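# Summary of the model geometry
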Amino acid sequence: MRRIQSITRSATFALLAAATLTVLALGWVVARDLRRSADAAGQLYERFGEGLDIIDDILFETGEVRRILLYALHTTDANRQLDYVDQSRSAEGRVRQLLDSRSPILSTARTRAARESVAAAWTDYLQTRDEVVGLILEGSLTEAVSLDERIGAARFNRVRSAKRAGCARTDGGQAGPRADGRHPGEPGRLREQACSRRRQAPPGRMKVSPRSPSRATRCRSSRTR
Amino acid sequence: MAAARPALIALLLSAALLAGVETRAQNVAAPAFVVIVNRSNPVDNLTFSELRRIFMLDTQTWPHGRKITVVLREKGQPDRTDAIRIICGLSERDYERHILFRTFQGSVNIGPRSIQSAAAMVRFVFSAPGAIGYVKTDELDPSVKTLRIDGLLPDDAGYPLRRSLRGRAEGDW
């Protein structure tokens, strides 16, 4: 009788030990999967963040190309006009680099199409920009303003529209209205997060450049060079 | 004393001759001016008189209809004085007077544009389709087009825009 009790107790212990081991093993598997999921989510967020940064930089630099060019209209000094034209061209070079950047988020089929449409619109605008530059340097400011108003502004707006469409696609938007009832132009959750992150930044920094200070400083120093 | 006088004259004459030879040597060594235009400009060759008319603002449009923009170096720079003297045959002051006269006549809206450096001149001509400027041969850049003058390039003998360190064309010597 005592022997039977001892066997039963041993069996119970063995069962409990096996159950404990099973629970531990399952816990380890679940913990590992959770960690993997967290890592994947982190990587995904970083890629989205990187994509948004690139779009943000493209927005900033394309604006710079046009803004600096407008300065050249406000002087008749050929040397200063040439300085502004050079600055506009260097901003143009940075836009070209950004458009050619191989970020994974900008390399999906949907975002690639958006990027190509931005690049095409940008090339169109640059043709007009170059003509405006020529007229400015030749001293025909009135004609330059007229050409920019007639064609340049419309082409630049086309670039902005293409960028807006690209942003919507980066957010995971569809061509038509989405399942959540929002239109592609409306901000997605990720962009809201990014915007809220930017809203937390000091306002002075945002006014100068929405990018990281080191990058903004680098761009500023390259412009002053 | 009387015997020493011919020797002194001979010494002075030989010194003057040596100085002349040296000046001619400097003249040959000085880099020539190259006339540059935008790469989109279909013109490849100008006669010297056509070039002079352009720089004097007597001709103000290219054959394809684009307005000509003459680009010079800034006032007081030797390259400006040299170019005006070689191309227009005028001193800088006379050239300014001529431009002022043409402006008051109403036949010129904007005079030549003044640029501070050769590199800036090249960048200007690169960006302005109707611009015409000049640089020295050693300041030339492939982003702009070199014009032949009377069918000649700076390396050819008889090129009319060869200059001396004194700022005179080769023909003046």
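Before going further, it helps to examine the overall build of chain B. The helix and strand inventory of chain B stands at five helices and seven strands. Reading the helices (α) and strands (β) of chain B from amino to carboxyl end gives α-β-β-α-β-α-α-β-α-β-β-β. Counting across all 173 residues of chain B, residues that qualify as buried make up 27%. For chain B, the proportion of contacts with a sequence separation of at least 24, taken over those separated by at least 6, is 65%.

This part takes up the overall build of chain A. Across its full length, chain A holds seven helices and zero strands. Going residue by residue from the N terminus, the α and β elements of chain A occur as α-α-α-α-α-α-α. By residue count, 23% of the 225 residues in chain A fall in the buried class. Restricting the contact set of chain A to residue pairs at least 6 apart, pairs at least 24 apart contribute 65%.

A few words on the environment of leucine 90 of chain B. Residues and elements named next belong to chain B. Counting through the fold element by element, leucine 90 comes out in the loop between α3 (78-88) and α4 (92-105). Residue leucine 90 is classed as partly exposed on the basis of its C-beta count, with 16 C-beta atoms lying within 10 Å. Along the primary structure leucine 90 and methionine 56 are separated by 34 residues, whereas in three dimensions their C-alpha atoms are 10.0 Å apart. Setting aside anything within four residues of it in sequence, one finds leucine 90 in contact with Ile84, Arg85, Tyr95 and His98.

Moving on, we come to the sheet that holds strand β6 (residues 145-146) of chain B. Residue and element names in this part refer to chain B. A sheet is described by the order of its strands in space; here five strands give the open sequence β4-β3-β5-β1-β6, paired in mixed fashion. Looking at strand neighbours, the two that pair on one side only are β4 (113-115) and β6, the edges of this open sheet. When strand β3 (residues 69-73) meets strand β5 (residues 131-136), the two strands line up parallel, connected through two bridges. Looking at the pairing, threonine 69 lines up with alanine 131 of β5. Along the sheet face, α3 touches β1 (33-37), β3 and β5 and points at about 130° away from the line of β3.

To continue, consider the interface of chain A and chain B. Contacts between the two partners involve 10 residues from chain A, matched on the other side by 15 residues from chain B. Of all elements in the fold, only α2 (78-100) and α3 (109-137) of chain A reach the threshold of two or more residues within the side of chain A that touches chain B. At five residues, α2 of chain A tops the list of elements feeding residues into the side of chain A that touches chain B. In terms of residue class, the side of chain A that touches chain B is made up of five nonpolar, three polar and two charged.

Residues and elements named next belong to chain A. Mean pLDDT over chain A works out to 77, with 73% of the residues at or above the 70 mark. Confidence, read as mean pLDDT per element, is least for helix α6 (residues 203-208) in chain A (39) and greatest for α2 (92). Contacts from residues 173-225, a stretch scored under 50 in pLDDT, to residues over four places away or in other chains number 36 contacts.

Moving on: the nonpolar core. Membership of the largest hydrophobic core comes to 58 residues, with the highest contact counts inside it found for Ile36, Val71, Phe124 and Val125 of chain B. Ignoring sequence-local partners within four residues, the contact set of phenylalanine 124 of chain B consists of Ala78, Leu82 and Leu137 of chain A together with Val71, Ile115, Ala131 and Gly133 of chain B.

Residue and element names in this part refer to chain B. Predicted confidence across chain B gives a mean pLDDT of 82, with 76% of residues reaching 70 or more. Every residue in residues 17-29 is under pLDDT 50, and counting partners more than four places away or in other chains gives six contacts. Across the interfaces of the predicted complex, the ipTM metric reaches 0.74, alongside a pTM of 0.69.

Residue and element names in this part refer to chain B. Among the five residues that make up β1, five are buried, leaving the element largely enclosed by the rest of the structure. Neither face of β1 is left uncovered, since the one carrying Phe33, Val35 and Val37 and the one carrying Val34 and Ile36 both have all their residues buried. Taken together, the five bridges between β1 and β5 define a ladder with antiparallel strand orientation. Bridging across to β5, valine 34 finds its partner in valine 135. Where β1 lies against β6, two bridges are found, and the strand directions are antiparallel. Across the sheet, valine 37 pairs through a bridge with lysine 145, a residue of β6.

Reading guide: rules and limits
- Residues numbered from 1 in each chain as written.
- Chains lettered and ligands numbered in written order.
- Predicted model: local features only at pLDDT ≥ 70, side-chain atom pairs only at ≥ 80, totals over all residues.
- Helix = DSSP H or I, 4+ residues; strand = E, 2+ residues; numbered from the N terminus.
- Buried ≥ 20, exposed ≤ 12 C-beta atoms within 10 Å, placed from the backbone.
- Contact = placed C-beta atoms within 7 Å.
- Pairing = 2+ DSSP bridges.
- Axes fitted to C-alpha atoms, helices over the stretch in contact; angles between N-to-C directions.
- Nonpolar A, V, L, I, M, F, W, Y, C, P; charged D, E, K, R; others polar.
- pLDDT = per-residue confidence, 0-100.
- Core = buried A, V, L, I, M, F, W, Y, C linked by C-beta atoms within 7 Å.

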